[in-house]
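# Close look at the chain arrangement
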Amino acid sequence: MMMLTKKMIEIRGLLQTVGQSDSLTLPSIVVIGSQSSGKSSVLEAIVGHEFLPKGHNMVTRRPIELTLVNTPDAQAEYGEFPALGLGKLTDFSQIQRTLTDLNLAVPASDCVSDDPIQLRIHSPNVPDLSLIDLPGYIQVVGRDQPPELKERISQLCDKYIRAPNVILAISAADVDLANSTALRASRKVDPRGERTIGVITKMDLVDPERAVSLLNDKKYALRLGYVGVVCRVPAGAGGGKLFHRGNGNIQSAIAKNENAYFNSHPEYAAEEQLDVGTRNLKKKLMHVLEHTMAASLKTTSEAIQRELAEATYEFKVQYNERPLSAESYLAESLDSFKHSFRGFTESFGRREVRELLKHELDQQVLNLLAQRYWNRPLDDLSPPFPETDPLSSLAKADPEGEDSIWRIKLDSSSAALTKLGVGRLATSVVANALQRNIEYLIANSRFAAHPFARQAITEASTAILKDLSYDISDELEICIKPYKYRIDLEDNEWAKGRENVTAVLKEELKVAESASKRLEEVMGGRKKVKDVMSFIDRVRSGQIILEGDGVGGAGGFSQALLSKGREAVFLRDRVDIIKLRILAVKSKQCATKTNKYHCPEVFLDAVADKLTTTADLFLDAELLSKFYYQLPRELDARLGRGLTQEEMDRFAREDPKIKRHLDVVRRKDLLEHVLKEMEGLRQLEAREKRAIGRR
Ligand code: GDP
């Protein structure tokens, strides 16, 4: 019959993982008794180790669901807290400490908690049993204990002693049974004493006649009877003061002590019916538990079938029977992300890189022009700038060298462009664009709802890009090196530069004009702007001498308005000069490269174009293709094969919708599994019955 209990206890454990439902469980033995009745000593005698929290005022605050697993072929004895993941604890004093900590973690204001602590003990010396240790009843509330503690303990015990659980009611021999809190509580729920086992502890403390009469008690008759025990750990057997926290097995010491006691008193031997000793208690518990569990199999199995039907219905209606596991969810999400990534790689190639880079270099060219050519137009562009002849400023120069200042200007501007660190700039522009696109892909993927995966992908991508960029920017810098010394332009390159820069200037003109417009609105209209600007112009040309430093305003204008006015003047000048330069670039003067010193816009654009061509080719080959190759593999490593089952679960459950779906699938699978196990159990039971019949 032993196999049967083991199996049933296993099933009980499985049901515990299915979830809370009173009907969805198999019965267990619930241990109740008042404080100091010897409850802990009985449990420890059964387990063979001291492992329960002790100490003055130490109240068990949470139920302990104790599953004993008999391992006949193994030597090792160990405990496990499945919910804590501490692994196998072979040191029972560590189990004791853990239980103490778990108890102390319940806030005193809550008194007790009905959230049970799961503890499994594996040993060749324990029987297969499922026991629940409950807080001991207290008579008087201690000074430092909450007043409602007594009541709360009672309520908690009431919850557990309901049918079909077996009640193990512990009473001490030296206390009148009429005063036994455990028996009183059990009688309330089991008035006919059909599922209560009485345990009388401390038999050694009363004289044998009285002890025998307790065991034969008729006043509180229990169908399952009383068992008398002496469970005190004899001194020196691990329970003595010297070895109080010893780790040795105390079972044989207790048995010896107990046997010696009962054998030395002929009164016990005289009565054959008497049930005494821890050994007998264990046997009785196994026997009663097995029968009680077996009797519950049918109702439990019906309850499981009902729950399963519900879960199956939900699965069908809510989820269209779509199977799901954390693993498959992750794999699908990863596949779909990789698919969208592939789509992106097809849309982002050399052409896109080129556009990005050219745009970036266009901006650099504009900056250079503004710094070196357009900055103070009225000073630099001489002679005075007749609006009718937009070219006058530059055309007066002699292209063949008379005015070498233009030559130097252009050479140094071109050098500034080629030596600007194009390698690093271009690489980082493209790497940043790739990173931005990855972020965009994540935000539009299933991973959007998963912080863990988001971070993993972002990190994978930044790590690869960082790694590649380091060498690539150096190598690219080497590729463009020749341009730092000499730049030869073909006619067609000049023509292309002229066309392009015209567009760039027009775009820049638009930007400046719209900035001007916005400023006008902010400053309060065109007229206001004009007034402020003309004031500033007059100050600049020396027509007005400011008194003081002008802080706090001048000319009737506030400081803020003046500063906006200066911006407006700047933009106006900018618009003027760009307009002039567009005309210049479009003019015949700039049609060919012979006049290059006077057409710096065209020349610098052509240089930027050359740099771009080198960079886009190189970055396409080195950065893009390597990144496109490495990222999917890195994602596999970080989010695919690389994850443990727990990590996958955690990932999938981040999304509440997926969590609900997974829960239903898991519940259904578990219930199906339990039901199958139950079926196996029924067959086992039938076989054992037949075997007994044959004997
Ligand atoms: P609990 O509070 O109900 O868990 O009780 P304990 O198991 O801690 O026991 C209370 C006290 O009674 C302890 O000092 C034990 O040593 C003592 N005790 C337990 N069982 C026996 C026994 O069978 N005989 C004697 N003499 N003392 C016992």
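Right above here is the structure, for reference.
How each quantity is defined
- Positions within a chain are numbered from 1, following the residues in the order the chain's sequence is written.
- It should be noted that, the model being predicted, local features are given only for residues of pLDDT at least 70 and side-chain atom pairs only at 80 or more, the latter also being counted only at that level, while totals for whole chains, interfaces and linings use all residues.
- Note that water and hydrogens are dropped before the side-chain values are worked out from all heavy atoms of the structure.
- When DSSP finds two or more bridges between a pair of strands, those strands are recorded as paired.
- By definition, any uninterrupted DSSP run of H or I lasting at least four residues is a helix, any uninterrupted run of E lasting at least two residues is a strand, and each is numbered from the N terminus.
- Structural elements are reduced to axes, namely lines fitted to C-alpha atoms, with helices fitted over the stretch in contact, and the angle between N-to-C directions of any two is expressed from 0 to 180 degrees.
- Whether two residues are in contact is decided by their heavy atoms, any of which lying within 4.5 Å being enough.
- When describing relative orientation, an angle under 35 degrees is termed roughly parallel and one over 145 degrees roughly antiparallel, while 65 to 115 degrees is termed roughly perpendicular and anything else oblique.
- Crossings are assigned a handedness: left-handed for a near helix turned anticlockwise from the far helix by less than a right angle, right-handed for a clockwise turn.
- Throughout, the ten residues Ala, Val, Leu, Ile, Met, Phe, Trp, Tyr, Cys and Pro are labelled nonpolar, Asp, Glu, Lys and Arg are labelled charged, and all others, Gly among them, are labelled polar.
- Salt bridges are identified by distance alone: a Lys or Arg side-chain nitrogen within 4 Å of an Asp or Glu carboxyl oxygen.
- Throughout this description, buried means an accessible area under 20% of the type-specific maximum (1.4 Å probe, protein chains only), exposed means over 50%, and partly exposed covers the range between.
- The patches reported here contain residues having more than 30% relative accessible area and no salt bridge. Joining distances are 9 Å for like charges and 5 Å for nonpolar side chains (Val, Leu, Ile, Met, Phe, Trp, Tyr).
- Areas reported as accessible are Shrake-Rupley estimates using a 1.4 Å probe. Residue values count occlusion only from the protein chains shown.
- Just so you know, the count uses Lys and Arg for positive and Asp and Glu for negative, and it drops His and the chain ends.
- A single reference atom marks each charge: NZ on Lys, CZ on Arg, CG on Asp, CD on Glu.

## So, the sheet that holds strand β5 (residues 129-133)
Hydrogen bonds between backbone groups are what pair the strands of a sheet, and the pairing can be parallel or antiparallel. With mixed pairing, 8 strands are arranged side by side in an open sheet as β3-β4-β2-β5-β1-β6-β7-β8. On the outer flanks of this sheet lie β3 (78-80) and β8 (226-228), each paired with one strand and no other. In this sheet, neighbouring strand axes are inclined to one another by 25 degrees on average, regardless of whether the strands run parallel or antiparallel. Direction of pairing for strand β1 (residues 29-33) relative to β5: parallel, over a ladder of 3 bridges. Across the sheet, the residue bridging to V31 is D133, located in β5. The sheet contacts of helix α3 (residues 92-104) involve β2 (64-70), β3 and β4 (117-123), and relative to β4 the element is tilted by about 170 degrees.

## Overview of the packing of helix α15 (residues 422-443) against helix α21 (residues 600-640)
Angle between the axes and distance between the axes: these two values describe a pair of packed helices. Across the interface, α15 lies against α21 with an axial gap of 10 Å and an inter-helix angle of 40 degrees. Classed by the angle they form, the pair α15 and α21 counts as oblique. Remark: the crossing between α15 and α21 carries right-handed chirality. Facing α15, whose interface residues are V422, A426, T427, V430, A431, L434 and I438, α21 presents L611, A615, L619, L623, L624, F627, Y628 and L631. Grouping the constituent residues of the contact of α15 with α21 by class yields 14 nonpolar, 1 polar and no charged.

## Details of the pattern of salt bridges
For the structure on display, the rule yields 41 salt bridges. Measuring nitrogen to oxygen at the nearest pair gives 3.1 Å for the salt bridge that ties R354 to D616. Residue R354 is located in helix α11 (residues 350-372), and its partner D616 is located in helix α21; the two are separated by 262 residues in the primary sequence. Among the ionic pairs, R653 bridges to D663, the shortest N-O distance being 2.7 Å.

## Considering the environment of V353
Tracing the backbone through its elements, the reader meets V353 in helix α11. Assessed through its relative accessible area of 0%, V353 is described here as buried. It is 6.6 Å that separates the C-alpha atoms of V353 and V430, two residues lying 77 residues apart in sequence. Discounting residues that sit within four places of it in the chain, V353 has contacts with F348, V430, D616, L619 and L624.

## Considering a positive patch on the surface
Residues K150, R184, R187, K188 and K219 make up a contiguous surface patch of positive charge. Top contributing element to the positive patch by residue count: helix α5 (residues 181-189), with 3 residues. Mapped onto the fold, K188 is located in helix α5. Owing to a relative accessible area of 64%, K188 belongs among the exposed residues under this scheme.

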